[in-house]
Amino acid sequence: MAASLKGLSAELRRYIKQHKLPDIYEALLSGIAVMCPADPHQFILDKLRQLKEQGLENLHWDMFVDESHKPKVRIFTESNLDILFNFDEYLLPTPEMYAKAYGHYNNKIQELCFNAWMQYHLLQKHKQSLIEEKMNIASEHHAQRLLRMHVHIWKEWIKYRKGRQAMAFQILEHVNNIAVDRVIFQAWHHHTVDAKRQREYFEINLRRLERGENMEDDDMFGDGTGEARDSVSALARNVAIKIFGYLDVADIANCACVCRSWKVLTQASMLWSRIDFYRVRKRVTDKVATRLLFKARPYMIHLNLRGCHHLTKPTFITVSECRNIQDLNLSECLGLDDETLKLMAKGCKILLYLNVSHTNLTDASLRALAKYCWNLQFLSLAFCCKFTDRGLLYLASGKCNRKLEYLDVSGCLQITPEGFRNLANGCSNLQSLILNEFPTLNDECIMAIAEKCTKLHSVSFLGSPLLTDEPFKKLASHKNLRVIKLDGNHRISDAALKIIGKQCLGLEHLYMTDCQRITDSALKALVGCKNLRVVNLADCVRISDSGVRHLVEGQCASQLRELNLTNCIRVGDMAMVNIHKRCHCLTYLSVCFCEHISEAGVELLGQTHSLISLDISGCNCGDQGLSALGNNVRLRDVTLSECGNITDLGLQKFAQQCREVQRLDISHCMNITDGAIKNLAFCCRMLTVLNVSGCKLVTDLSLQYLSGVCHYLAELDISGCYLISDKAMKYLRKGCKKLQVLTMLYCKGISKHAAQKMSRNLERVQYSADDVPAFFGYHS
């Protein structure tokens, strides 16, 4: 049909298209084909009337199909009648369409070109950035190489300069040595000349005296040079100052009056950075103390006023002006009160160590310390009974609470568990806590401390019988304990030490005396404490050889330095065998009144050459054991009290071998006579402490030997030696110039006048002329 319509004229075709005859034809055919009417002719007439009424504007191909017969999805979206009736000439592109298509094509080509150009540009930019990055790396590398080269050159130059300086130092040192040698030789020459002149002078005068010539009108000191010289002034300044440093304040003050050179030396700042008034505590007054402190205030760091009962407010005000004090000891200062301590706290703000034990300070003092002493690390309040829990609260809430590491509140029985809780809440960095002589101390107090103070490594509870195992278990849980001290406690058991041995492997010092429930099992639990150095188990009567064996077979055997087994009555020779075999660094050992230790055990101790101090009082030691002890030439402190089998022969052999002994106690050795003391004096000339109390055969002759040879003797006990008389006191005054302590109780042969005369020159003298008591073992 399309071919038949191609021959139509253009006018006819325009008419058909204008009146939409193909569309009408399509709509009628679609309606008839779909609806299938019974009378097609009538259907066509009805639809044409409808179309005439509605017009051609809403004509479309499915117009005469009911809605129920229309498909839900249309397969054909547009009509193809234009093609069938050859009305598609309008589909041919117009010039506008060509222009639009050409423009779109150009835009597409431009977009492609622009994208290609952009990719090329980005690629070039990326290459340029890579080149710049490589250039930066190369520049940095070049700069580092230059720097390395210059550093190398600089190091070589420094090495060269140091070499030159070392050479210059050697030359200067050589010149200085030559100058010093010249001075020494000159001083030696002058000394030799003076000695020669003095010798000639005395020889001449001696001959004149022999001839009986009168010497009264002659110059007794020769011609004289008019120069006063002494060996101290001739020394180097720093050496002379160090010599003066061994003197106390009174001696230094006296030395300043000798001559001008000594006065200059005694004014050195190093001598006044540390002032100790304790040695002159009975003589020092406010006038002397204020003058010295005012002079030394710029460079004084350490000040000890312990026991200075005569010092009052003026001295403490002067102390407050010493701004550089770091260590201040005010123990037993009766003139100290809250007001003066507040003044010192305000002035001494860099104070690190403060000891105010045995004073009458109250809560106000602790409040002042908390407010002004920000850097306080060490504080001793031992036996200060007037402060309360509130004072500890002030201290814990002050500015020094985080820095406080050491606290001693021994004997402060007024502190309650609430006070300990306040202390623990604020001072959580405490490392050392001393609570000695505290019979009311209970578990609640220590648990409050242990809960918050996790850094505690040193605790001391001497004289606290109420403590049980629980606080020690809590303290051990922090694994920091290194020092534990406890005595007189019958409640603590092996369970506490087992926990301590398991948790605190860094334990160094264990002091548990008179703890009756401690057994060998406790020592077995300590085998893992490889740093254990000091063990004191005195009066722990249930310790036996087995416990000592467990201890010395542990990891601490090579580190153990001190061991005290006093009155451990079950310890015998087997313990000595194990100690001798394994404890090669042991320096101190005490086995007092261990009755099962025989002379064989004592002989083993003589072969333990590391021992320096030994106490075998009350043991079965005779001359043979004492002679074997002499094989250890390192012994310096030996106690042989109540060893009744020792005679002169054993002491003589011991003294001949152990010549460097300094402290010896042979009290109540009844068989010792003057002969043994004579050998002791001439062999052991370094003796500083000697105890011969209860040696009833000792007479004045023994003290004559001692005073003639033992010039370093500082302490002597002759109690119960009733054969000693006033004559011996003359020997002591003449020969023992360094004697400070003399004990002569129950000495009926010494008069009260002689004892008083001795007390004038000595620091402490104890005297009584009563009858000898029964515990001395004999009656006069």
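Predicted, not measured: the structure shown is a model, and the values here were computed from it. (Residues numbered from 1 in each chain as written. Predicted model: local features only at pLDDT ≥ 70, side-chain atom pairs only at ≥ 80, totals over all residues. Heavy atoms only, no water.)

**Let's talk about the pairing of strand 8 (residues 458-462)**
Sheet faces and side chains relate simply in a regular strand, where the side chains alternate between the two faces.
Then comes step 1: Across the five residues that make up strand 8, a large majority, five, are buried.
Then comes step 2: Where burial is concerned, the two faces of strand 8 agree: the one with Ser458, Ser460 and Leu462 and the one with Val459 and Phe461 are both buried.
Then comes step 3: Looking at chain direction, strand 7 (residues 432-434) and strand 8 are connected through three bridges and run parallel. Counterpart to serine 432 in the pairing with strand 8 is serine 458.
Then comes step 4: Tracing the backbone out of strand 7, into helix 16 (residues 443-452) and back to the parallel element strand 8 gives a crossover that is right-handed.
Then comes step 5: Alignment of strand 8 against strand 9 (residues 483-487), held across five bridges, turns out to be parallel. Within strand 9, the residue paired with phenylalanine 461 across the bridge is leucine 486.
Then comes step 6: In terms of handedness, the path from strand 8 via helix 17 (residues 469-476) over to strand 9 forms a crossover that is right-handed. (Buried < 20%, exposed > 50% of the residue type's maximum accessible area, 1.4 Å probe, protein only. Helix = DSSP H or I, 4+ residues; strand = E, 2+ residues; numbered from the N terminus. Pairing = 2+ DSSP bridges. Right-handed = clockwise from strand over helix to strand, strands pointing away.)

**A word on empty space enclosed by the protein**
Then comes step 1: Applying the stated criterion across every chain, the model contains one cavity of 30 Å³ or more.
Then comes step 2: Of the volumes computed, that of the largest cavity is approximately 40 Å³.
Then comes step 3: The wall of the largest cavity is formed by Leu328, Leu341, Met344, Ala345, Cys348, Leu351, Leu354, Leu369 and Cys373.
Then comes step 4: For the lining of the largest cavity, the leading source of residues is helix 12 (residues 338-347), giving three residues. (1 Å grid on protein atoms, 1.4 Å probe; cavity = no way out; pocket = protein on both sides within 12 Å on 5 of 7 lines; lining within 4 Å. Points joined across faces, edges and corners; volume = space filled by probe spheres on them.)

**Points about the confidence of the model for the protein**
Keep in mind that low pLDDT regions are not for reading the predicted coordinates in detail.
Then comes step 1: Residues with a pLDDT of 70 or more make up 91% of the protein, whose mean pLDDT is 86.
Then comes step 2: Counted against residues more than four places away or in other chains, residues 209-228, with its pLDDT under 50, gives 12 contacts. (pLDDT = per-residue confidence, 0-100. Contact = heavy atoms within 4.5 Å.)

**So, the packing of helix 3 (residues 21-35) against helix 4 (residues 40-54)**
Then comes step 1: Helix 4 packs onto helix 3 with a crossing angle of 135 degrees between their chain directions and a minimal axis gap of 11 Å. It follows from the interaxial angle that helix 3 and helix 4 lie oblique. Crossing angle aside, the handedness with which helix 3 passes helix 4 is right-handed. Where helix 3 approaches helix 4, its residues Ile24, Leu28, Gly31 and Ile32 are matched on the opposing element by Phe43, Ile44, Lys47, Leu48 and Leu51.
Then comes step 2: When grouped by side-chain class, the residues that make up the contact of helix 3 with helix 4 number seven nonpolar, one polar and one charged. (Axes fitted to C-alpha atoms, helices over the stretch in contact; angles between N-to-C directions. Parallel < 35°, antiparallel > 145°, perpendicular 65-115°, else oblique. Left-handed = near helix turned anticlockwise from the far one by under 90°. Nonpolar A, V, L, I, M, F, W, Y, C, P; charged D, E, K, R; others polar.)

**Considerations on a positive patch on the surface**
Then comes step 1: Where like charges cluster on the molecular surface, the positive patch consists of Arg323, Lys342, Lys346, Lys349, Arg367, Lys371, Arg390 and Lys399.
Then comes step 2: Taken together, the elements giving at least two residues each to the positive patch come down to helix 12 and helix 13 (363-372).
Then comes step 3: With respect to the element layout, lysine 346 can be found in helix 12. (Patch = residues over 30% accessible without salt bridge, like charges linked within 9 Å, V, L, I, M, F, W, Y side chains within 5 Å. Areas by Shrake-Rupley, 256 points an atom, 1.4 Å probe, with all protein chains shown as cover. Salt bridge = Lys/Arg side-chain N within 4 Å of Asp/Glu carboxyl O. Lys, Arg positive; Asp, Glu negative; His and termini not counted. Charge placed at Lys NZ, Arg CZ, Asp CG, Glu CD.)

**Description of the nonpolar core**
Then comes step 1: Judged by nonpolar contacts, the single largest core of 178 residues is most densely connected at Phe277, Leu330, Ile718 and Met729.
Then comes step 2: The dominant element in this core, judged by the number of residues it contributes, is helix 25 (residues 674-683), at five residues.
Then comes step 3: The next biggest cluster of nonpolar side chains, apart from the first, holds eight residues, and it includes Ile24, Leu51, Met63 and Phe64. (Core = buried A, V, L, I, M, F, W, Y, C linked by side-chain atoms within 4.5 Å.)

**A closer look at unusual backbone geometry**
Then comes step 1: Phi is positive for asparagine 567, which is not a glycine, with a value near 65 degrees.
Then comes step 2: Positionally, asparagine 567 belongs in the loop between strand 12 (562-564) and helix 21 (573-582).
Then comes step 3: Non-glycine residue tyrosine 746 carries a positive phi angle of around 60 degrees.
Then comes step 4: Secondary-structure assignment places tyrosine 746 in the loop between strand 19 (741-744) and helix 28 (752-759).

**Some thoughts on the packing of aromatic side chains**
Then comes step 1: Counted under the stated rule, the structure contains seven aromatic pairs.
Then comes step 2: Judged by centre distance (5.9 Å) and plane angle (50 degrees), the rings of tyrosine 353 and phenylalanine 378 are tilted. One end of the pair, tyrosine 353, is in strand 4 (residues 353-355); the other, phenylalanine 378, is in strand 5 (residues 378-380), and 25 residues separate them in sequence.
Then comes step 3: For tyrosine 353, a relative accessible area of 37% gives the class partly exposed.
Then comes step 4: Classification of phenylalanine 378 as partly exposed rests on a relative accessible area of 22%.
Then comes step 5: Connected via pairs of aromatic rings, a cluster forms that spans Tyr353, Phe378 and Tyr406.
Then comes step 6: Geometry around phenylalanine 294 places arginine 297 over its ring, the cationic atom sitting 3.8 Å from the centre. (Phe/Tyr/Trp six-rings, centres within 6.5 Å; stacked < 30°, edge-to-face > 60°. Lys NZ or Arg CZ within 6 Å of the ring centre and 35° of its normal.)

**Here we look at the pairing of strand 9**
Then comes step 1: Sheet topology note: the strand 9/strand 10 (residues 509-513) ladder contains five bridges and is parallel. In the strand pairing of strand 10, leucine 486 is matched with methionine 512.
Then comes step 2: Read from strand 9 through helix 18 (residues 494-503) to strand 10, the crossover connection turns out right-handed.

**Looking at the side chain of serine 610**
Then comes step 1: Position of serine 610 among the secondary structure elements: in the loop between helix 22 (599-606) and strand 14 (613-615).
Then comes step 2: You can call serine 610 buried: its relative accessible area is 9%.
Then comes step 3: Among the polar contacts listed, one links the side chain of serine 610 to the backbone oxygen of histidine 584, at a separation of 3.5 Å.
Then comes step 4: In this structure, serine 610 is in contact with Cys583, His584, Cys585, Leu586, Thr587 and Arg634, ignoring residues within four places of it in sequence. (Polar contact = N/O pair within 3.5 Å; in protein donor to acceptor, adjacent residues only side chain to side chain.)

**What about the layout of surface pockets?**
Then comes step 1: Empty space within the second largest pocket amounts to approximately 850 Å³.
Then comes step 2: In this structure, the second largest pocket is lined by 19 residues; those nearest its centre are Asp248, Asp251, Arg279, Gln740 and Glu763.
Then comes step 3: Class assignment of the residues belonging to the lining of the second largest pocket gives a composition of seven nonpolar, two polar and 10 charged.

**Topic: the side chain of serine 331**
Then comes step 1: Here serine 331 shows up in the loop between strand 3 (327-329) and helix 12.
Then comes step 2: Residue class for serine 331 comes out buried when judged on its relative accessible area of 3%.
Then comes step 3: Serine 331 has contacts with Leu305, Arg306, Gly307, Asn355, Ser357 and His358, leaving out every residue within four places of it along the chain.

**Describing helix 14 (residues 389-397)**
Then comes step 1: Listed as buried for helix 14 are Asp389, Gly391, Leu392, Leu395 and Ala396. One side of helix 14 holds all its buried residues, which, seen down the axis, span an arc of 155 degrees.
Then comes step 2: The elements touched by buried residues of helix 14 are helix 13, strand 5 and helix 15 (417-426). (Arc of directions from axis to C-beta.)

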